[in-house]
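An overview of the molecular structure
So the chains spell out like this:
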Amino acid sequence: MSDRKPHSYPRFDSPDEERTHMKQRMAAAFRLFDRFGFNEGVAGHLTGRDPEHPELFWVNPFGLSFGLIRVSDLICVDHEGKVVEGDWPVNTAAFAIHSQIHQARPDVKAAAHTHSPYGRAWSTLGRTLDPLTQDSCAFFEDHALFDDFTGVVLDIEEGRRIADALDGNKAAILRNHGLLTVGGTVDEAAWWYITMERTCQVQLMAEAAHGEPVCIDEEQARRTAKMVGNPMAGWYSFQPLYDKIVADQPDLLD
Ligand SMILES: [Zn+2]
C-alpha cells in the first residue's frame, strides 16, 4: 500500500498557518521558475498577499536567484513599497505592478511575472493567444494585451495602467516585455504562468512550421476553458510540480 494521499484543498486554523503555507508555495514556485528557465538576471517576481494583513504582500528579494530562494528569504512589503520584514530590497517594478494589481483586484492573492523567453517572444507580436490546444483554452477569453510599452516599469501610474488592462482576467501579455498571471492562490498564479509560457511556445512552434494552425471553435474553446481554466484546475495542476520540487530541493522550505 502506498503511503501517498490524494491532494485536497488546504484549510487553515490560523493566519500564521496560512502564511507559512503560502510562503512555502512561493519558494517552491521560484525553484520551479528557475528549473523551467524563467530567470533573466534580476528580472521577475511573484507576490503573495498576506492572509492577515491584506495590504501587505510577500515577494522575492531583489537580486536573489529564483534557484536559491527559501521560505525564510521572502520579504514583506507594504502599500508604499517599504520593506516591513526582511533585509533585502524590493524590485521597484515588482512593487509598482503588483501593488496596483493587488489593490485593483481584491480576489487576487498572488501574481507572477518574469521575462521567460517564449512569453517574451510572443509578447513582441502584439496579439493575444489563440485557442489552438486543450491547454491553451485556459486562456480563452481570459487574458488581456497591455499594448503600450513605455520602458521599464518604475512608477505607480504604469502599474495602474497594467492593472486596468488586466481587468478581470487571469493573465496579461505585456507587449515587448513578457507575461503576467494572477490567481486566488500562489499555486494557481504559478501554474497559469508555467502553462501560459508553454502555450506561447506551442503557438510559436506551430506558426513557425509554416502551416495554418487550426483553432478550436469558439463554443468548444469556451466549454474547455471552463474545465481546464477554472481556479480549482489551476490549483490542482500545481500539486505534482510542488511535490516534485520539494522532493528534489527540500532546502526551499527552510
Ligand atoms: Zn518585467
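One structure accompanies this document, and this report is about it. These numbers come from a predicted model, not from an experiment.

This part takes up the overall build of the protein chain. Scanning the protein chain from N- to C-terminus turns up seven helices and eight strands. Since a compact globule built from 254 residues should have a radius of gyration of about 18 Å, the 18 Å found for the protein chain is in line with a globular shape. Across the 254 residues that make up the protein chain, the buried fraction comes to 49%. Look at the contacts in the protein chain between residues 6 or more apart in sequence, and 69% of them connect residues 24 or more apart. For the protein chain, the exposed area adds up to about 12200 Å²; of that, 52% sits on carbon and sulfur atoms. Averaging the positions of the 24 positive and the 39 negative side-chain charges in the protein chain gives two centres separated by 3 Å.

Among the five residues of strand 5 (residues 110–114), five are classified as buried, and the element is accordingly described as predominantly covered. Here strand 5 shows a buried face lined by Ala110, Ala112 and Thr114 and a second buried face lined by Ala111 and His113. Alignment of strand 5 against strand 8 (residues 178–183), held across five bridges, turns out to be antiparallel. From the neighbouring strand, alanine 112 faces strand 8, where its bridge partner is threonine 181.

As a further point, take the coordination of the zinc ion. The protein atoms donating to the zinc ion are His113 (NE2), His115 (NE2) and His177 (NE2), with metal-donor distances spanning 2.0 to 2.1 Å. One chain supplies every donor to the zinc ion, and in sequence these donors are spaced H-x1-H-x61-H. Placement of the pair is histidine 115 in the loop between strand 5 and helix 3 (117–123) and histidine 177 in the loop between strand 7 (171–174) and strand 8, with a sequence separation of 62 residues. Histidine 115 gets classed as partly exposed once you look at its relative accessible area, which sits at 21%. The exposure class of histidine 177 is buried, given its relative accessible area of 14%.

The tally for this structure, following the rule as stated, stands at ten aromatic pairs. With centroids separated by 6.3 Å and ring planes inclined at 75°, the aromatic side chains of phenylalanine 139 and tryptophan 192 adopt a geometry described as edge-to-face. Remark: tryptophan 192 occurs in helix 5 (residues 186–208) and phenylalanine 139 occurs in the loop between helix 3 and strand 6 (143–146); sequence separation between them is 53 residues. On the basis of relative accessible area, tryptophan 192 is assigned to the buried category, the value being 0%. Taking 6.2 Å as the distance between ring centres and 45° as the angle between the ring planes, the aromatic pair formed by tryptophan 235 and tyrosine 236 counts as tilted. By the ring-pair criterion, three or more aromatic residues cluster together here, those being Phe30, Phe33, Phe36, Phe38, Phe66 and Tyr193. The lysine or arginine in question, lysine 23, covers the ring of tryptophan 58, its NZ or CZ lying 3.9 Å from the ring centre. A cation sits over an aromatic face here: lysine 170 above tryptophan 192, 4.4 Å from the ring centre.

Tracing the chain through its elements places glycine 86 in the loop between strand 4 (83–85) and helix 2 (92–104). Taking the relative accessible area as the measure of exposure, glycine 86 reaches 43% and is therefore partly exposed. A C-alpha to C-alpha distance of 4.8 Å links glycine 86 and isoleucine 75, two positions eleven residues apart in sequence.

Approximately 300 Å³ is the volume attributed to the largest pocket. Surrounding the largest pocket, 17 residues form its lining, Phe12, Glu18, Lys109, Gly184 and Thr185 being those nearest its centre. Contributing elements (two or more residues each) for the lining of the largest pocket: helix 1 (15–35) and helix 5. The greatest single-element share of the lining of the largest pocket, amounting to four residues, is contributed by helix 1. A class-by-class count of the residues in the lining of the largest pocket yields eight nonpolar, three polar and six charged. Its boundaries defined by the atoms lining it, the second largest pocket holds a volume of some 240 Å³. Among the elements that line the lining of the second largest pocket, the one with the most residues is helix 2, at three residues.

Moving on to the pairing of strand 6. Strand direction decides the pairing type here: strand 6 and strand 7, joined by four bridges, are parallel. Bridge pairing in strand 7 places leucine 145 opposite isoleucine 173.

All right, on to the packing of helix 5 against helix 7 (residues 231–248) then. Interaxial distance between helix 5 and helix 7 falls to 8 Å at its minimum, and their mutual angle equals 80°. With respect to their mutual orientation, helix 5 and helix 7 come out roughly perpendicular. Counted together, Asp187, Glu188, Ala190, Trp191, Trp192 and Ile194 of helix 5 and Pro231, Gly234, Trp235, Ser237, Phe238, Gln239 and Leu241 of helix 7 form the full contact between these two elements.

Quick notes on the rules
- Residues numbered from 1 in each chain as written.
- Predicted model: local features only at pLDDT ≥ 70, side-chain atom pairs only at ≥ 80, totals over all residues.
- Heavy atoms only, no water.
- Helix = DSSP H or I, 4+ residues; strand = E, 2+ residues; numbered from the N terminus.
- Rg over C-alpha atoms; globule rule 2.2 N^0.38 Å.
- Buried < 20%, exposed > 50% of the residue type's maximum accessible area, 1.4 Å probe, protein only.
- Contact = heavy atoms within 4.5 Å.
- Areas by Shrake-Rupley, 256 points an atom, 1.4 Å probe, with all protein chains shown as cover.
- Lys, Arg positive; Asp, Glu negative; His and termini not counted.
- Charge placed at Lys NZ, Arg CZ, Asp CG, Glu CD.
- Pairing = 2+ DSSP bridges.
- Donors = N, O, S within 2.8 Å, 3.2 Å for Na, K, Ca; no water.
- Phe/Tyr/Trp six-rings, centres within 6.5 Å; stacked < 30°, edge-to-face > 60°.
- Lys NZ or Arg CZ within 6 Å of the ring centre and 35° of its normal.
- 1 Å grid on protein atoms, 1.4 Å probe; cavity = no way out; pocket = protein on both sides within 12 Å on 5 of 7 lines; lining within 4 Å.
- Points joined across faces, edges and corners; volume = space filled by probe spheres on them.
- Nonpolar A, V, L, I, M, F, W, Y, C, P; charged D, E, K, R; others polar.
- Axes fitted to C-alpha atoms, helices over the stretch in contact; angles between N-to-C directions.
- Parallel < 35°, antiparallel > 145°, perpendicular 65-115°, else oblique.

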